[in-house]
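# Working through the structure, step by step
Here's the letter readout for the chains.
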Amino acid sequence: MNAQEVLNELKRRFPNEPEYLQAVTEVLESIEEVYNQYPEFEKLNLVERLCIPDRIFSFRVTWVDDRGNVRTNMGYRIQHSNAIGPYKGGIRFHASVNPSILKFLAFEQTFKNALTTLPMGGAKGGSDFSPRGKSNAEVMRFCQAFVLELWKHIGPDTDVPAGDIGVGGREIAYMFGMYKKLSKEFTGTFTGKGLEFGGSLIRPEATGYGNIYFLLEMLKTKNIDIKGKVCTVSGSGNVAQYTVEKLIELGAKVVTLSDSNGYIYDPDGIDSEKLEYVKELKEMYRGRIREYAEKYNCKYVEGARPWGEKCDIALPSATQNEIGEDDAKTLVANGCIAVSEGANMPSTPAAIEVFQNAKILYAPGKAANAGGVATSGLEMTQNSVRMSWSREEVDAKLKDIMQSIHAQCVKYGAEPDGYINYVKGANIAGFMKVAKTVIVQGIL
Ligand code: NDP
Ligand code: 2IT
């Protein structure tokens, strides 16, 4: 089967998995040209083998809420590929989690991890449990119940989970604690751990910082200075916060943040003091972004995303499909020159087409947000040698990795007119690395 036939077959077999099919379609369309140059791929059925995960675990998670009621949620771990290293990828806790979303994330993770230059396979897991509105004790009991099932399938050289939406330092610590108790071993099986028990400096910052390091590389290709640029950021969680932190440091002006209820617009720009408030609001009080607008007396728009606000650079950092075709048209019409994705697959295929047709700088998540998992890889290395590197060392390595990912995108994505198609570049570089490895390891 050629790439198009495989895609049709996947559509027939998994009709109820739109996010998975969306991610697969994007990759297969952009590798088709290269794929056709390798006739041996077809006989080996390589595309199908790379699109279907190695295995999927699903299980019931049973826990007790604060009122003594017994509750259930679904738990999942999708191990997509361990061709180039142990399975590696985050855990998402959000009411919307389902197999299609986790399959798209595990698939993307495999090629993203290949781009990092570090030896990591791809995986993703999670639950339809939402930590929002739950007490600390409830979150702890849920995390423990989740790991009671998950622990059998993970390990420092098998599969190493980390955070994602709804899973930050608090959840990782609870999961790590339970894993340690069950396995009777203190290992680096989770990344994003607290600094006191094996975590790496810069891991919390890494996805946001990495996205800006990637953005700087893109801007450099056009000799554009980031200083003074107006930026819109969506989300207000881990990725959004450290994206804003780096932008402030570099002299850019961030005017928006959001959560699932709405967005704030602060025309004066979010400064360091306001950002500290956001971090406290989100991490300690677990409040809503609306409260920012009340405190700083600025605009709050309920039920909307920030893409209608005029900006030079947009940094989607919340969730998948948060920029639709109309949003993309508005961004371009308002003079946006660059979109760099902190979130995974935040732009719909139609939105990506708008950005590329307008020839603006556009970086897909699997390239731009790879700094998070790359620094997880650095955490694994530090755990293996039982050492901790300094902030400067980790930050320098993160910068190097983001520059290397950018170079791979340019190598495989530069078009005859000079426009860099980062989607094509990232997909070809990631896919070819995994594909060649799968071939030499035999039919498995
Ligand atoms: P957090 O849980 O810390 O923050 C998520 C933010 O996005 C919150 O503000 C949340 O609002 C908002 N959000 C979540 N779901 C939705 C939704 N359905 N609609 C609108 N807003 C939503 O997660 P992260 O910052 O870690 O993750 C953000 C994105 O970055 C995700 O796409 C994730 O996959 C990706 N990513 C994360 C990495 C990491 O290291 N953490 C690495 C690479 C990518 P609310 O509080 O209302 O839910
Ligand atoms: O989407 C991602 O790359 C992450 N959520 C981070 C995964 C990791 O293993 O650090």
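Here, the structure is the one placed above.
Heads up: these notes are all about the structure in this document. Here the structure is a predicted model, which is why all the values come from computation and not from measurement.

## Description of the overall build of the protein chain
Across its full length, the protein chain carries 17 helices and twelve strands. Radius of gyration (C-alpha) of the protein chain: 21 Å, near the 22 Å computed for a compact globule of 444 residues. The buried share among the 444 residues of the protein chain stands at 58%. Across the protein chain, the fraction of contacts at a sequence separation of at least 24, relative to all contacts at a separation of at least 6, is 72%. For the protein chain, the accessible area works out to roughly 17700 Å², and carbon and sulfur atoms hold 50% of it.

## Overview of the state of the cysteines
Evaluation of the coordinates by the stated rule reveals zero disulfides. Cysteine Cys51 shares no disulfide, and the gap to the nearest cysteine sulfur, in Cys409, comes to 19 Å. Cys311 forms no disulfide, and the closest cysteine sulfur to it belongs to Cys336, at a distance of 4.3 Å. According to the relative accessible area criterion, Cys311 is buried, its value standing at 3%.

## Some points on the pairing of strand β1 (residues 55-64)
Here β1 pairs with strand β2 (residues 70-81) via ten bridges, running antiparallel. If you follow Ser58 over to β2, its bridge partner there is Tyr76. In this structure, the hairpin formed by β1 and β2 is closed by a connection of five residues, where Gly68 is found at a positive phi of approximately 90 degrees.

## Notes on the site of ligand 1
Near ligand 1 lie 25 residues; those nearest to it are Asp164, Thr207, Ser260, Arg288 and Asn344. Between an oxygen atom of ligand 1 and a side-chain N or O atom of Arg288, the distance comes to 2.4 Å. Asn344 is positioned with one of its side-chain polar atoms (N or O) 2.8 Å from an oxygen atom of ligand 1. Considered on its own, ligand 1 offers 880 Å² of accessible surface; in the complex 84% of this is hidden by protein.

## Structural notes on the packing of aromatic side chains
Within the structure shown, the criterion is met by 23 aromatic pairs. Between the aromatic rings of Tyr38 and Phe41, the centroid separation amounts to 4.8 Å while the plane-to-plane angle is 10 degrees, which identifies the pairing as stacked. Its relative accessible area of 1% is what places Phe41 among the buried residues. Seen from their ring centres, Tyr179 and Phe190 are 6.1 Å apart, and the 70 degrees between their planes marks the pair as edge-to-face. With Tyr179 in helix α7 (residues 169-183) and Phe190 in the loop between α7 and α8 (203-220), the pair connects residues that are eleven residues apart, well separated along the chain. Residue class for Tyr179 comes out buried when judged on its relative accessible area of 4%. Residue classification places Phe190 among the buried residues on the basis of a relative accessible area of 0%. Aromatic ring contacts, followed pair by pair, group Phe59, Trp63, Phe93, Phe129, Phe142 and Phe146 into a single cluster. Looking at Lys246, its charged tip hangs above the ring of Tyr209, at a distance of 4.3 Å from the centre. Lys397 extends its terminal NZ or CZ atom over the ring of Trp389, reaching a point 4.6 Å from the ring centre.

## Points about empty space enclosed by the protein
Unoccupied space between atoms shows up once a probe the size of one water molecule is rolled over them. As enumerated under the stated definition, the model contains one cavity of 30 Å³ or more in all. Roughly 50 Å³ of internal volume is contained in the largest cavity.

## As for the nonpolar core
Of all hydrophobic cores here, the largest spans 56 residues; its most connected members are Phe214, Leu215, Leu247, Leu257 and Ile405. With eight residues, α8 is the single largest residue contributor to this core. Once you skip the residues sitting within four places of it in the chain, Leu247 turns out to touch Ile212, Ile226, Cys231, Val233, Ala252, Val254 and Leu315. Counting 39 residues, the second-largest nonpolar core is a separate cluster that includes Ile31, Val34, Phe41 and Phe111.

## Observations concerning the packing of helix α16 (residues 391-413) against helix α17 (residues 422-440)
Look at α16 against α17: their axes get within 7 Å of each other, and the N-to-C directions meet at 100 degrees. Taken together, α16 and α17 sit at an angle that is classed as roughly perpendicular. Every residue of α17 that contacts α16 at His406, Gln408, Cys409, Tyr412 and Gly413 is listed here: Tyr422, Lys424, Gly425, Ala426, Ile428 and Ala429. When its residues are assigned to classes, the contact of α16 with α17 shows six nonpolar, four polar and one charged.

Criteria and cut-off values
Residues numbered from 1 in each chain as written. Chains lettered and ligands numbered in written order. Predicted model: local features only at pLDDT ≥ 70, side-chain atom pairs only at ≥ 80, totals over all residues. Heavy atoms only, no water. Helix = DSSP H or I, 4+ residues; strand = E, 2+ residues; numbered from the N terminus. Rg over C-alpha atoms; globule rule 2.2 N^0.38 Å. Buried < 20%, exposed > 50% of the residue type's maximum accessible area, 1.4 Å probe, protein only. Contact = heavy atoms within 4.5 Å. Areas by Shrake-Rupley, 256 points an atom, 1.4 Å probe, with all protein chains shown as cover. Disulfide = S-S within 2.5 Å. Pairing = 2+ DSSP bridges. Near = heavy atom within 4 Å. Polar contact = N/O pair within 3.5 Å; in protein donor to acceptor, adjacent residues only side chain to side chain. Phe/Tyr/Trp six-rings, centres within 6.5 Å; stacked < 30°, edge-to-face > 60°. Lys NZ or Arg CZ within 6 Å of the ring centre and 35° of its normal. 1 Å grid on protein atoms, 1.4 Å probe; cavity = no way out; pocket = protein on both sides within 12 Å on 5 of 7 lines; lining within 4 Å. Points joined across faces, edges and corners; volume = space filled by probe spheres on them. Core = buried A, V, L, I, M, F, W, Y, C linked by side-chain atoms within 4.5 Å. Axes fitted to C-alpha atoms, helices over the stretch in contact; angles between N-to-C directions. Parallel < 35°, antiparallel > 145°, perpendicular 65-115°, else oblique. Nonpolar A, V, L, I, M, F, W, Y, C, P; charged D, E, K, R; others polar.

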